[in-house]
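# Structural overview for review
This is what each chain is made of:
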Amino acid sequence: MADIYISQSAEIAARTVGDETVIISTLDSTVFMLNSVGTAIWSAADGATPLSKIVEERVCPEFEVSPEQALEDAQEFVEKLASHGILQISGAPVSHGASL
Amino acid sequence: MSLLLELNEKATALGVPLGAHLDITWRCNERCVHCYLDHDQKGEMTTDEIRGVLRQLADSGTLFLAISGGEPLLRRDCFEILEYARSLRFNVKLKTNAVMIGEEQAARIRQLGIEQVQISVYSHLPEIHDAITKLPGSLRRTTEAIRRLRAHGVRVSITNVLMKHNYGNARGVKRLAEELGVQFVIDPTITPMLSGDRSIMSLGISGAQLEEVLHTEEFVGDVNEYCAPVSSAEEDVLDGYSCSAGHTLAYISPFGDVFPCVAFPMPCGNLRQQSFREIWWHSPALTELRSVRVRDLHTCSHCGHNSYCSRCPGLAYMEGDYRGPSSPDCEKSYARTGIPSAAQLRSGTHAPRAATGLVQIQGLQ
């Protein structure tokens, strides 16, 4: 399966508190709370690192899950965030995040 | 539990300043009769200093940021500050009188993803609003700006501060808010000047007027529910805090002074001399404030209203003791329920009602 790249949308406010991350869409004020696994993926969403590498380096060692299962869950997770417009998915590396 | 409530509990437990109110100037183009600020220029922080403060707040975990003043748009770098704040992923609310928001500014506010613009409107009648702001044409300019903001899809909230000058205008302002498609908030509290001068408190509405407002369905919803007496606080409330000021909320003046809240001018440190983290974690004033639980409040801990009272420790501080009652909140509780607060019973300051048939009952102490 081809690699995908994820980057944080500019249309959000976000902060990590403890090991969780709260994200608020500036478009409709919807609030999202990410757990520690979601936070690990979110904080690595730089548009340049393939999702598979994020999962391999940030999720698998930290949360003791098989790479296949972790990648499947991660893909579902990022697609859900992307459907709300708070994360962007690309088939190629993105040089920089969206600017304000 | 809502996600934001959950987040707030977590921030309280971890001591994270989840919310911050940053006044970038105290200068203003209006001269509202009830304003709690003086408008002298005393050496505002520079753009770079403010950028540094914003970075420190972001690093400390602040998510909710209110940019205010004075009139923030009087600073030429206001949009630079807003843009920088948004680049740091703050959820930004802008408090402004909006008279300087033209088409270009409204578009930029939308583009920056400002969460909400909060504007005070004192009356739907220009002669009353303008007499309070002392700026001729201000209601027209503010209303035009709100229309521009709405046309760009910006969320706007109108606050109607109740005073003797505009009493009876709240319904008109509410209608105006509905027509403009914006949120309407009513605020019956006049705050003393941060200098300690309490003379502007005399502009506030009377107890009878407050009672009328708080018994109006249009403003409070179900009056019977809103005004029903509630039993005293349970143990978990007594073990908690009465307000987020200094716990998850910080205020920063244009000169770098840090207070627990804009309405709580207790000096905690200055950002030109110390880092925000140093002040937030090590200020003796904040450390002492955080040690105070509801059960430690010498009068309010055994008041029958303490399970729902909006007691403001800042107003209490300005009355001389933040562990004490804040009289505007005692008045609100009395106006709602007809039952005097513990502080009112002690001082005899409540205006007797004709026949309430209700008394506050408590055991011997």
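Our structure's up above, just so we're on the same page.
Let me sum up the structure you'll find in this document. (Residues numbered from 1 in each chain as written. Chains lettered and ligands numbered in written order. Predicted model: local features only at pLDDT ≥ 70, side-chain atom pairs only at ≥ 80, totals over all residues.)

When helices and strands are counted, chain A shows three helices and six strands. For chain A, the α and β elements follow one another from N to C terminus as β-β-β-β-α-β-α-α-β. The C-alpha radius of gyration computed for chain A amounts to 13 Å, which stays within 12% of the reference 13 Å derived for 100 residues, consistent with globular compactness. For chain A, the C-alpha atoms occupy an extent of roughly 35 × 30 × 20 Å along the three principal directions. Counting across all 100 residues of chain A, residues that qualify as buried make up 30%. At a minimum sequence separation of 6, the contacts of chain A that also span at least 24 residues come to 52%. (Helix = DSSP H or I, 4+ residues; strand = E, 2+ residues; numbered from the N terminus. Rg over C-alpha atoms; globule rule 2.2 N^0.38 Å. Buried ≥ 20, exposed ≤ 12 C-beta atoms within 10 Å, placed from the backbone. Contact = placed C-beta atoms within 7 Å.)

Residues and elements named next belong to chain B. Taken in spatial order, the nine strands of this open sheet run β6-β5-β4-β3-β2-β1-β7-β8-β9, and their pairing is mixed. Each edge of the open sheet carries a strand with a single partner, namely β6 (183–187) and β9 (269–270). Sheet topology places strand β4 (residues 116–120) next to strand β5 (residues 156–161); four bridges connect them, and they run parallel. Looking across to β5, one finds that V117 is bridged to V156. (Pairing = 2+ DSSP bridges.)

The subject of this paragraph is helix α2 (residues 51–63) of chain A. Residue and element names in this part refer to chain A. Residues of α2 that are buried include every one of L51, I54, V55 and V59, and no others. Where α2 is buried, its residues contact β1 (5–8), α1 (36–43), β5 (46–50) and α3 (67–83). Within two residues after α2, E64 carries a phi angle of roughly 50 degrees, on the positive side.

The next thing to look at is the pairing of strand β3 (residues 91–95) of chain B. All names here are of chain B. The buried fraction of β3 amounts to four of the five residues, a majority that puts the element mostly inside the structure. Sheet analysis places strand β2 (residues 64–68) next to β3, joined by four bridges and oriented parallel. Note that in β3 the partner of F64 across the bridge is N91. For the segment spanning β2, helix α3 (residues 78–87) and β3, crossover handedness is right-handed. In this structure, β3 lies alongside β4, joined through three bridges in parallel fashion. Bridge assignment links K93 to a residue of β4, and that residue is Q116. Handedness of the crossover joining β3 and β4 through helix α4 (residues 103–112): right-handed. (Right-handed = clockwise from strand over helix to strand, strands pointing away.)

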